[in-house]
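One-letter residues, chain by chain:
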Amino acid sequence: MKVLVVNCGSSSLKYQVLDMPSEELLCKGLVERIGIDGSVIKHEKIGQDKFVLEVPMKDHTDAIGHVIDALLDKDHGVAASMDEIGAVGHRVVQGGEKFASSALVTDEMLKTVEGLNELAPLHNPANLLGIAACKKLMPNTSMVGVFDTSFHQTMPAESYIYALPYEYYEKYGVRRYGFHGTSHRYVTAKAAEMLGKKVDEVNLVTCHIGNGASCAAVKNGKCFDTSMGLTPLEGLVMGTRCGDIDPAIIPFVAGKENMSFADVDTMMNKKSGILGISGISSDMRDVEDAMAKGDKKAQIAWDVFAHRVKHYIGAYMAEIGGADAIVFTAGVGENSAPMREDICKGLEALGIVLDKEANKVRGEEKVLSTADSKVKILLIPTNEELMIAKDTYEIVTK
Ligand code: ADP
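What you see is a predicted model, and the numbers here were worked out from it, not measured in a lab.

1. Brief notes about the overall build of the protein chain
A count of helical and extended segments in the protein chain gives 14 helices and 14 strands. By the compact-globule yardstick of 21 Å for 398 residues, the protein chain fits well, its C-alpha radius of gyration being 21 Å. Counting only C-alpha atoms and orienting by the principal axes, one finds that the protein chain spans roughly 60 × 55 × 45 Å. Across the 398 residues of the protein chain, 50% fall into the buried class. Long-range pairs, those at least 24 residues apart, make up 61% of the contacts in the protein chain with a sequence separation of at least 6. As displayed, the protein chain has an accessible area near 18,400 Å², and 51% of this comes from carbon and sulfur atoms. In the protein chain, 43 side chains carry a positive charge and 55 a negative one; their mean positions are 2 Å apart.

2. With respect to the site of the ligand
In the neighbourhood of the ligand, the contacting residues comprise Gly210, Asn211, Gly212, Asp283, Met284, Arg285, Ala330, Gly331, Val332, Asn335, Ser336 and Arg362. A distance of 3.0 Å is found between an oxygen atom of the ligand and a backbone nitrogen or oxygen belonging to Gly212. Note that an oxygen atom of the ligand is positioned 3.5 Å from one of the backbone N or O atoms of Val332. Listed by contribution, the elements that provide at least two residues to the shell around the ligand are helix 10 (284-292) and helix 12 (330-335). Its residues assigned to classes, the shell around the ligand shows three nonpolar, six polar and three charged.

3. Considerations on a nonpolar patch on the surface
A contiguous nonpolar patch, built from Leu164, Tyr168 and Tyr172 and spanning about 310 Å² of accessible area, is present on the exposed surface. You can see Leu164 is positioned in the loop between helix 4 (157-160) and helix 5 (167-172).

What counts and how
Residues numbered from 1 in each chain as written. Predicted model: local features only at pLDDT ≥ 70, side-chain atom pairs only at ≥ 80, totals over all residues. Heavy atoms only, no water. Helix = DSSP H or I, 4+ residues; strand = E, 2+ residues; numbered from the N terminus. Rg over C-alpha atoms; globule rule 2.2 N^0.38 Å. Buried < 20%, exposed > 50% of the residue type's maximum accessible area, 1.4 Å probe, protein only. Contact = heavy atoms within 4.5 Å. Areas by Shrake-Rupley, 256 points an atom, 1.4 Å probe, with all protein chains shown as cover. Lys, Arg positive; Asp, Glu negative; His and termini not counted. Charge placed at Lys NZ, Arg CZ, Asp CG, Glu CD. Near = heavy atom within 4 Å. Polar contact = N/O pair within 3.5 Å; in protein donor to acceptor, adjacent residues only side chain to side chain. Nonpolar A, V, L, I, M, F, W, Y, C, P; charged D, E, K, R; others polar. Patch = residues over 30% accessible without salt bridge, like charges linked within 9 Å, V, L, I, M, F, W, Y side chains within 5 Å. Salt bridge = Lys/Arg side-chain N within 4 Å of Asp/Glu carboxyl O.

Structural data, given as C-alpha cells:
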C-alpha cells in the first residue's frame, strides 16, 4: 500500500509517499508560500531530478491539489490513480491528554483536536487545514493523525506537573506535554535494535537537537520525562528559542523594555536561543564559522547550547537510574561532530565515553562510544515520516 504522509504548516506543507510495509520511500516534496505570492511546489521522485513548479495557491486545498497532480504525473509521479494511495498519515502537533497514540481521523477526532488549538495556536490549526484539504480532495481515503505529544503521555505526574496552583492544570490543562514525540519514539525503537534489546527493556536519554531541540528520558522504552513543556519553548537552547529561563525575567525585561506579553512571547520564540546570544544566525553552521574567526558571542552561544544538553543528560540519567545509551538525532545531533564532542566532554564520570575517531561521521546509524564505555553513545538519523507511515499503515489495515 502507498501511504501519503503530510506535515502541514500555516504556509508550507511537506509530504512523502512511502510504500508500506516495505518502507520504501517513493517521493518527497515541499510546498511553500501557500496563500502568499510566489507559491511553489518542489517535488522529487526518488532517483530523479527535482521538479519545481511556481503556481499561485490560494489555500491548502490548492496546495494538496498540486501535490496530487505531482503524484499522478506521468513523468515524475508515483501512482497511476489516487486509488493507489491507500491512506494518508497526518502529523498533528498537539494531542493533549486525549491521544496517547495515533488515531483514525473521524469527525469526533477532528472536533477533539480543534478543542486543543488553544494549546498549540501556531501548529494545530494548520495541521487541521491539511486534513480538511485532503478529506475534500480524497473523500474516500482513510486518514490517520499522528501526534507529537503521544509518546510523552506515559510521563508520571512528577514529570508533567508544574509547581503552579494546581487549578491551572485542572482548568486550562497547564502541564508538560512535550513534543518531537514521533522522533523520540522512532530513535527509541532503533536504539533497542542496535542494543539487541526489546524496546520495553531499554533506558535511554534521547537528544533530538535540530533547530527545535528536546531531550527525553526513556525508561523501559517509555517516556519518563522530556524537556519541552506546555509549548515547544521550554528546555534546551534552540535556533531562536530561549528554552529554560528564570520566569521572573519576563516581567523584569517587559518592564524595562515596555513590552507586551505578545512582544515577550515573540522575543523568546523568535529572537532568542542561538540567534539571540550570537547575534549572527540561528544556524549552528554559521555559529561554527564565526567561532573559527574568533567571534566571542558565537563561542558563548555554542557553549551554552552544549552545556544545556549536558545538563539534561545528567538530570535524566539521575531520574531513570542510569541509561543503556545516549542517542543523538536531528540536524545538529546527526551532523555536528564537534557539538557531540563538546556535549560528551566531562560525562566520562557517568560512564559515557565518546570515541573521537568513531565520532567523525554524519547522518548514519553508528555507535560512537568506546568499547569500554558503560553507557553507549548512538547516532541515529531520525525519520518521523516513516514512523507516521508505519502508524498509518498499521491503523488502516487493522
Ligand atoms: P528542524 O527543527 O527545523 O526540523 P533540523 O533537525 O532539520 O531542524 O536541524 C536544522 C539545524 O541543523 C540547522 O539549523 C543547523 O543548525 C543544524 N545543522 C545541519 N547541518 C549541520 C552541520 N553540518 N553542522 C552543524 N549544524 C548543522
